[in-house]
Amino acid sequence: MASLTFSASKFCCSSTYTTFFEKFDHVKDDNSIFGKVNFSSNYCKKRDLAIANVASKLPATAPAPAPPPTSPVQNERKLAAWTSVQQERWQGELEVEGEIPFWLNGTYLRNGPGLWHLGDYNFRHLFDGYATLVRLHFENGRLIMGHRQIESEAYKAAKKNNKLCYREFSEVPKPDNFLSYVGEIANLFSGASLTDNANTGVVKLGDGRVVCLTETIKGSIVVDPETLNTVGKFRYDDNLGGLIHSAHPIVTDDEFWTLLPDLINPGYLVVRMEPGTNERKVIGRVDCRGGPAPGWVHSFPVTEHYVIVPEMPLRYCAQNLLRAEPTPLYKFEWHPESKGFMHVMCKASGKIVASVEVPLYVTFHFINAYEETDEDGRIKAVIADCCEHNADTTILEKLRLEHLRSFNGEDVLPDARVGRFIIPLDGSPHGKLEAALNPDEHGKGMDMCSINPAYLGKKYRYAYACGAQRPCNFPNTLTKIDLFEKKAKNWQDEGSVPSEPFFVARPGATKEDDGVVISMISDKTGDGYALVLDGSTFEEIARAKFPYGLPYGLHGCWVPKK
């Protein structure tokens, strides 16, 4: 199999290097760009945190000060969602309003970017921030919260050197001199300069290990779900190599599936890893049908028998990866002429059973997929649902921090829907893409979905997501979607920003929506709280205020009590 490394001769061009040299001419002393990071514990001592029913406090180490007074965060809104975390770690019991079900025993972990600046240098994009892991531990109606920075090499190097040292989503280290610049380019080809900042997701493997992830393979980091300590790198025991993979593998107690984009010979390796091992095994390969590179595969769905490989016209771009400053689409390029495709691979044989052209699409997150059968029980199609942005790539630009921090009441959030792919298995060359329900039901906003995990890969009725109450610049509601009735029910705390709603089923439940939905809310006062909704009625049953507002987070997982 092809090793996923970059070829300088194949991907570099004179214009790319010209961009680098033009940028290099303007390099100045790091002190003038980054300032200094104050990691003194004295910062935390200055804060008077009113914490109810504190069970324990961890010492605050390496605190991160809030952005400087000139930041638009300070001037335009109080939301903590887009500000750096106030300190590196904290733990304590929260006072609960309402009642948490006594059957809810376990830990919800949420990962996401949480530190967006170094000294007086502010990062540009939501996806750039250093990872903050938040823990909500539920036990017998009580709730203990904790958070801690993930100690990736990228984070530790930034803390030690007071500057950016690895390439993040839109940020590139500023070279000290020409030799360091040349060395950084060489490190990019080997992957050494790519970040291991695991700020995207967190999963519990079948053997109980908990791993935080991002799209770089080196950014797979094992953590302790109880202490939030960084245990170390998750190292893959195989010879597949590679630099990137899907940020969202499919993980159950029995399965671990992921996709490895091949940037040299455009395509994707579909790989599986057995529980208790670190060895990825190739099940099959999908060659790209269009475009100069594979499409971005932030996530993908599976059914009981198939892996669905999306080939999106928003494609990886090695030239953009090389640039010293971000392009409008960052590491990607939009190639509508290359068209969009969906491929279906048999899990058992690795054979491609369908490869169809579909309308152009843009999605970060797939929701679920299932097999549709005829009256004789034969599989006739695969249905795959996603949060689809109407083939509009501007959502990436709207996630720049300056846009998130400067909401002035205008409705600027790009529209989104529950996009439903219908992939026929009868040899037809074309599939369909349509809205699974009227997007007006959820305010034409849709992202960050979860489902009852018992329905993964099966026909399902309910999904929980972030929707929109217009006008807004970011999803601002929690939404329960009924795909049978084609209706949605929305929960909103006006002026707040909720993170991903995560469904936890009640033990022994027989109904799909019998459980609770957990989310973390940044409210308009600058504070934040944990929220628990009834999965069936979608009404609030409990909340617990945090000691201070937390940054917005991305994705989570549930670790049941042992």
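The structure displayed is predicted, hence computed values, not measured ones.

K.L.:
How would you sum up the overall build of the protein chain? Please name residues and give values.
P.N.:
Assigned secondary structure in the protein chain consists of 10 helices and 35 strands. Residues classed as buried in the protein chain amount to 60% of the 562 residues present. The contacts in the protein chain between residues at least 6 apart in sequence include a share of 64% that link residues at least 24 apart. Summed over its atoms, the accessible surface of the protein chain is roughly 21,800 Å², and 49% of this surface lies on carbon and sulfur atoms.

K.L.:
I'd like to hear about the pattern of salt bridges, residue by residue, with values.
P.N.:
One pass over the full model with this rule turns up 34 salt bridges. Notably, a salt bridge pairs Lys156 with Glu153, separated by 3.3 Å at the nearest N-O pair. Of this pair, Lys156 and Glu153 both sit in helix 6 (residues 153-161), 3 residues apart, which is roughly one turn of the helix. Lys156 gets classed as partly exposed once you look at its relative accessible area, which sits at 35%. Beyond isolated ion pairs, a larger network of salt bridges with shared partners links Arg124, Glu171 and Glu325.

K.L.:
Give me the lowdown on the UniProt feature "binding site: Fe cation" (unreviewed entry) in the protein chain, citing residues and values where you can.
P.N.:
UniProt marks His248, His298, His365 and His555 with the feature "binding site: Fe cation" (unreviewed entry), using the numbering shown here. These annotated residues cover 308 residues of sequence, and their C-alpha atoms all fall within 12.6 Å of one another, placing them together at a single site. Tracing the backbone through its elements, the reader meets His298 in the loop between strand 16 (280-287) and strand 17 (306-311). Owing to a relative accessible area of 11%, His298 belongs among the buried residues under this scheme. Sequence-distant contacts of His298, defined by excluding residues within four places in its chain, comprise Thr200, Glu215, Ser246, Ala247, His248, Phe364, His365 and His555. Along the chain, the position of His555 falls in strand 35 (residues 555-560). Setting aside residues up to four positions removed in sequence, His555 forms contacts with Leu109, Arg110, Asn111, Thr200, Gly201, Val202, His248, His298, His365, Met448 and Glu500.

K.L.:
So what's going on with the sheet that holds strand 26 (residues 447-450)? Residues and values would help.
P.N.:
Read from one edge of the open sheet, 4 strands run 26-27-28-29, paired in antiparallel fashion. Edge positions in the sheet fall to strand 26 and strand 29 (487-491), since each has one partner strand and no second. Across the sheet, the axes of successive neighbouring strands diverge by a mean angle of 25°, strand direction being ignored. Sheet topology places strand 28 (residues 477-482) next to strand 29; 5 bridges connect them, and they run antiparallel. Bridging across to strand 29, Ile481 finds its partner in Ala488.

K.L.:
Go over the nonpolar core, please, and point to the residues and values.
P.N.:
With 86 residues, the main nonpolar core has Trp82, Tyr130, Met342, Leu396, Phe421, Ile423 and Tyr552 as its most contacted residues. Formed by 23 residues, the second largest nonpolar core is a distinct cluster that contains Tyr108, Val516, Phe546 and Leu550.

K.L.:
Can you tell me about the environment of Asn368, naming the residues and giving the values?
P.N.:
Tracing the chain through its elements places Asn368 in strand 22 (residues 363-373). On the accessibility criterion, Asn368 (2% relative accessible area) is buried. Distance from Asn368 to Lys459, taken between C-alpha atoms, is 8.6 Å for residues 91 residues apart in sequence. If near-sequence neighbours (up to four positions away) are discounted, Asn368 is found in contact with Pro301, Ile383, Ala384, Asp385, Ile451, Tyr455, Leu456, Gly457, Lys458 and Tyr460. Separated by 3.2 Å, the side chain of Asn368 and the backbone oxygen of Lys458 make a polar contact.

K.L.:
Explain the sheet that holds strand 17 to me, using residue names and the numbers behind them.
P.N.:
An order of 17-20-21 is seen for the 3 strands of this open sheet, with the pairing classed as antiparallel. Here the strands that pair on one side only, and so sit at the sheet edges, are strand 17 and strand 21 (352-358). Ignoring which end each strand starts from, the neighbouring axes of this sheet average 15° apart. In this structure, strand 17 lies alongside strand 20 (residues 340-346), joined through 6 bridges in antiparallel fashion. When the sheet's bridge partners are listed, Val309 is paired in strand 20 with His343.

K.L.:
So, the side chain of Asp238: which residues are in play, and what are the values?
P.N.:
With respect to the element layout, Asp238 can be found in the loop between strand 12 (230-233) and strand 13 (250-251). Here the side chain of Asp238 touches Arg280 through a polar contact of 2.7 Å, side chain to side chain. Those residues in contact with Asp238, other than ones at most four positions away along the chain, are Asn278, Glu279 and Arg280.

K.L.:
Tell me what's going on with the state of the cysteines, and back it up with residues and numbers.
P.N.:
Per the stated rule, a full pass over the model turns up 0 disulfides. With no disulfide of its own, Cys386 has Cys387 as its nearest cysteine by sulfur position, at a separation of 6.9 Å. Residue classification places Cys386 among the buried positions, given a relative accessible area of 0%.

K.L.:
Go over helix 6 with me, naming the residues and quoting the values.
P.N.:
Those residues of helix 6 not exposed but buried are Ala154, Tyr155, Ala157 and Ala158. Axial view of helix 6: buried residues confined to an arc of 165°, hence all on one face. Check the buried side of helix 6 and you find it contacts strand 4 (113-115), strand 5 (117-118), strand 7 (130-139) and strand 8 (142-149). Phi turns positive, to about 60°, at Asn162, one or two residues after helix 6.

K.L.:
Account for unusual backbone geometry, with residues named and values stated.
P.N.:
With the exception of glycine, the majority of residues adopt a negative phi angle, and the majority of peptide bonds are in the trans configuration. Pro471 follows Arg470 through a cis peptide bond whose omega is 0°. Mapped onto the elements, Pro471 comes out in the loop between strand 27 (462-467) and strand 28. Unusually for a residue other than glycine, Lys444 sits at a positive phi of about 55°. One can find Lys444 in the loop between strand 25 (432-435) and strand 26.

K.L.:
Lay out the environment of Ser450 with the relevant residues and their values.
P.N.:
Tracing the chain through its elements places Ser450 in strand 26. Overall, the relative accessible area of 9% leaves Ser450 in the buried class. The spatial distance from the C-alpha of Ser450 to the C-alpha of Ile367 is 6.8 Å, given a sequence separation of 83 residues. With near-sequence residues (within four places) excluded, Ser450 lies in contact with Ala463, Tyr464, Pro501, Phe502 and Phe503. Only 2.6 Å separates the side chain of Ser450 from the backbone oxygen of Pro501, close enough to count as a polar contact.

K.L.:
Give me the packing of aromatic side chains: which residues, what numbers.
P.N.:
Ring pairs (aromatic) are described by centroid distance and by the angle formed between their planes. Under the definition given, this model contains 20 aromatic pairs. Taking the centre distance of 4.8 Å and the plane angle of 75° together, the rings of Trp82 and Phe474 count as edge-to-face. Residue Trp82 is found in the loop between helix 5 (72-76) and strand 1 (89-93), and its partner Phe474 is found in the loop between strand 27 and strand 28; the two are separated by 392 residues along the sequence. Of the two residues, Trp82 and Phe474, neither departs from the other in class, the shared state being buried. Here the aromatic residues Phe127, Phe169, Trp296, Tyr316, Tyr330, Phe332 and Phe364 are joined through ring pairs into a cluster of three or more. Positioned above the aromatic ring of Tyr236 is the side chain of Arg280, whose terminal nitrogen or guanidinium carbon lies 4.4 Å from the ring centre.

What counts as what
Residues numbered from 1 in each chain as written. Predicted model: local features only at pLDDT ≥ 70, side-chain atom pairs only at ≥ 80, totals over all residues. Heavy atoms only, no water. Helix = DSSP H or I, 4+ residues; strand = E, 2+ residues; numbered from the N terminus. Buried < 20%, exposed > 50% of the residue type's maximum accessible area, 1.4 Å probe, protein only. Contact = heavy atoms within 4.5 Å. Areas by Shrake-Rupley, 256 points an atom, 1.4 Å probe, with all protein chains shown as cover. Salt bridge = Lys/Arg side-chain N within 4 Å of Asp/Glu carboxyl O. UniProt positions renumbered as here; feature names shortened; annotations may be inferred. Pairing = 2+ DSSP bridges. Axes fitted to C-alpha atoms, helices over the stretch in contact; angles between N-to-C directions. Core = buried A, V, L, I, M, F, W, Y, C linked by side-chain atoms within 4.5 Å. Polar contact = N/O pair within 3.5 Å; in protein donor to acceptor, adjacent residues only side chain to side chain. Disulfide = S-S within 2.5 Å. Arc of directions from axis to C-beta. Phe/Tyr/Trp six-rings, centres within 6.5 Å; stacked < 30°, edge-to-face > 60°. Lys NZ or Arg CZ within 6 Å of the ring centre and 35° of its normal.

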